[in-house]
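The residues making up each chain are set out below.
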Amino acid sequence: AAGDRADAEERAGGRRDPVSDASEPIREPQRALFAALASAIAETAPVAKSGNNPEQRYKYAPASAVVAEADRVLTKHGIAVVPISAKIATAGLSESKAGGRTIFVLTVQFLVAHEAGGSLVGEMSIALGANLSGSPPQASSSALTGCERDFYRALLRMPRVDEDDPDHPKNT
């Protein structure tokens, strides 16, 4: 158990994780962070799927709209989210007619900090795909944006809705 705790501390940049370490009471700054997050989650509005990918025939909520909604509710409750590290790793080979290609995965760690001093570290990973030969800077930039969007969605339990859904912002 002590080794597991040390591993968790190392992954959190040397900070103790009050959520997974149940042997320690949650301190007031963490309580304030969790209360602020709960309020932010309750106030998070659905983000419209206003983007369109005609090539693959699907609609999506643009990252800019997700970030704008997240910023609105997080700043209202004194919460800041900052990326603190990004790493690219290989995750194996994909199968293709041309042979196996390496799959790259980007993992970004985020610091979620509250004005009362509480903080936590979370991470999000996203596949860069099997081929970075086309435009590696564009692929990694797109993956960074995807990690940020998906982290906010997970942190705030952001609903995913379609335009014909009664909970869509246009229908409320």
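Provided above is the structure to which this section pertains.
Below you will find a few notes about this structure. (Residues numbered from 1 in each chain as written. Predicted model: local features only at pLDDT ≥ 70, side-chain atom pairs only at ≥ 80, totals over all residues. Heavy atoms only, no water.)

### A closer look at the packing of helix α2 (residues 28–43) against helix α3 (residues 63–76)
Then, number 1: Where α2 contacts α3, the axes come no closer than 9 Å and their chain directions differ by 140°. By the angle between their axes, α2 is oblique relative to α3. Here the hand of the crossing between α2 and α3 comes out right-handed. Along its contact with α2, which presents Leu37, Ala40 and Glu43, the element α3 presents Glu69, Arg72, Val73, Leu74 and Lys76.
Then, number 2: Its residues assigned to classes, the contact of α2 with α3 comprises four nonpolar, no polar and four charged. (Axes fitted to C-alpha atoms, helices over the stretch in contact; angles between N-to-C directions. Helix = DSSP H or I, 4+ residues; strand = E, 2+ residues; numbered from the N terminus. Parallel < 35°, antiparallel > 145°, perpendicular 65-115°, else oblique. Left-handed = near helix turned anticlockwise from the far one by under 90°. Contact = heavy atoms within 4.5 Å. Nonpolar A, V, L, I, M, F, W, Y, C, P; charged D, E, K, R; others polar.)

### Thoughts on α3
Then, number 1: If you check α3, its first and last C-alpha atoms are 20 Å apart, about what 14 residues at 1.5 Å a residue would give, namely 20 Å.
Then, number 2: Along α3, the residues that are buried comprise Ala63, Val66, Val67, Glu69, Ala70, Val73 and Leu74. Looking straight down α3, one finds that the buried residues subtend no more than 165° of arc, so they occupy a single side. Structural note: α3 exposes Ser64, Thr75 and Lys76 on the side pointing more than 90 degrees away from its buried face. (Expected span 1.5 Å × (residues − 1). Buried < 20%, exposed > 50% of the residue type's maximum accessible area, 1.4 Å probe, protein only. Arc of directions from axis to C-beta.)

### Considering the packing of aromatic side chains
Then, number 1: This structure, assessed with the given rule, holds two aromatic pairs.
Then, number 2: Judged by centre distance (4.4 Å) and plane angle (20°), the ring pair of Phe110 and Phe151 falls under stacked. One end of the pair, Phe110, is in strand β4 (residues 101–114); the other, Phe151, is in helix α4 (residues 136–155), and 41 residues separate them in sequence.
Then, number 3: Taking relative accessible area as the criterion, Phe110 reaches 3% and is therefore assigned buried.
Then, number 4: The exposure class assigned to Phe151 is buried, which follows from its relative accessible area of 6%. (Phe/Tyr/Trp six-rings, centres within 6.5 Å; stacked < 30°, edge-to-face > 60°.)

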